[in-house]
Every structure is written in C-alpha cells, then in structure tokens.
Amino acid sequence: MGAPMPDSLRAALHRQQPPEWAIACPLPYCQAKPGTPCHSPRRRPVPLGVHPSRADAWIAHQNAA
Ligand SMILES: [Zn+2]
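Analysis parameters
Along each chain, numbering runs from 1 in the same order as the chain's sequence is written. Local features in a predicted model are, by the rule used here, given only for residues with pLDDT of at least 70; side-chain atom pairs are given and counted only at 80 or more, and totals for whole chains, interfaces and linings are based on all residues. With hydrogens and water set aside, each side-chain value is computed from the structure's full complement of heavy atoms. Here a donor is any nitrogen, oxygen or sulfur atom (N, O, S) within 2.8 Å of the metal, with 3.2 Å used for Na, K and Ca; water is not among the atoms considered, so some sites may look incomplete. Think of it this way: with four donors and all angles in the 85 to 135 degree range, the site is tetrahedral; with four or six donors, opposite ones beyond 155 degrees and the rest between 65 and 115, it is square planar or octahedral; otherwise it is irregular. Counting from the N terminus, the helices are the DSSP runs of H or I reaching at least four residues and the strands are the DSSP runs of E reaching at least two. Partly exposed describes any residue whose relative accessible area lies between the buried limit of under 20% and the exposed limit of over 50%, with all areas from a 1.4 Å probe on protein chains only and scaled to the type maximum. Only four residue types enter the tally: Lys and Arg on the positive side, Asp and Glu on the negative side, with His and both chain ends excluded. Any Lys or Arg side-chain nitrogen found within 4 Å of a carboxyl oxygen on Asp or Glu counts as a salt bridge. Note on terminology: a nonpolar core comprises buried Ala, Val, Leu, Ile, Met, Phe, Trp, Tyr and Cys residues joined through side-chain atoms within 4.5 Å. Note on contacts: a residue pair qualifies if any of its non-hydrogen atoms lie within 4.5 Å across the two residues.

**Observations regarding the coordination of the zinc ion**
Move 1: Looking at the zinc ion, one finds its protein donor set to be Cys-25 (SG), Cys-30 (SG), Cys-38 (SG) and His-51 (ND1), positioned 2.0 to 2.4 Å from the metal centre.
Move 2: Its four donor atoms give the zinc ion angles of 102 to 118° at the centre, a pattern that matches the tetrahedral case.
Move 3: Ordering the donors of the zinc ion by residue number gives the pattern C-x4-C-x7-C-x12-H. One end of the pair, Cys-25, is in the loop between α1 (7-14) and α2 (52-64); the other, His-51, is in the loop between α1 and α2, and 26 residues separate them in sequence.

Written as structure tokens, this is what we have:
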C-alpha cells in the first residue's frame, strides 16, 4: 500500500487508445490520422475520441481482414 505508481505504468494508462484509432477517420471534415483522436468540424474533441463512422469503418476493416 502506498507504493507510488511507476511512471511507465502511468504513461501506459494515459496512452490507452481506442482500437478504432488504428485506422484513419473516414469523415471528410475530420480525417483524423491513425493514432490521433477525432474532432468536430470546429476542431473540438468528440466524446470517446472516435466518430461513429470511424468505429463502423474499423469494424468493416476488421471483417475484411
Ligand atoms: Zn473522426
């Protein structure tokens, strides 16, 4: 108890990404690159960091593999 969290573990938790980030976002106004979060047309972050269309595209990508 009370042991500090190792920096490496802290970084890993902070860096946790949605699996959908493995592909680019298909939305024309977003086009988030792989490994980067989605954003709204006004460049605001979106909830969960992923557009539904990107999630759909990712699922299609998985099925195609
Ligand atoms: Zn997006």
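**Some thoughts on the environment of Gln-31**
Move 1: Mapping Gln-31 onto the fold places it in the loop between α1 and α2.
Move 2: For Gln-31, a relative accessible area of 53% translates into the label exposed.

**Focus: the side chain of Glu-20**
Move 1: Its place among the elements puts Glu-20 in the loop between α1 and α2.
Move 2: It is Arg-54 that comes nearest to the buried, bridge-free Glu-20 among opposite-charge side chains, at 7.4 Å.

**Describing the nonpolar core**
Move 1: Ranked by size, the top nonpolar core spans six residues in total: Cys-25, Leu-27, Cys-30, Ala-32, Cys-38 and Val-46.
Move 2: Apart from residues lying up to four places away in sequence, Cys-25 is in contact with Cys-30, Gln-31, Ala-32, Cys-38, His-51 and Arg-54.

**So, the side chain of His-51**
Move 1: The class of His-51 is buried, set by a relative accessible area of 7%.
Move 2: For His-51, the contacting residues outside a window of four places in its chain are Cys-25, Leu-27, Tyr-29, Cys-30, Cys-38, His-39 and Val-46.

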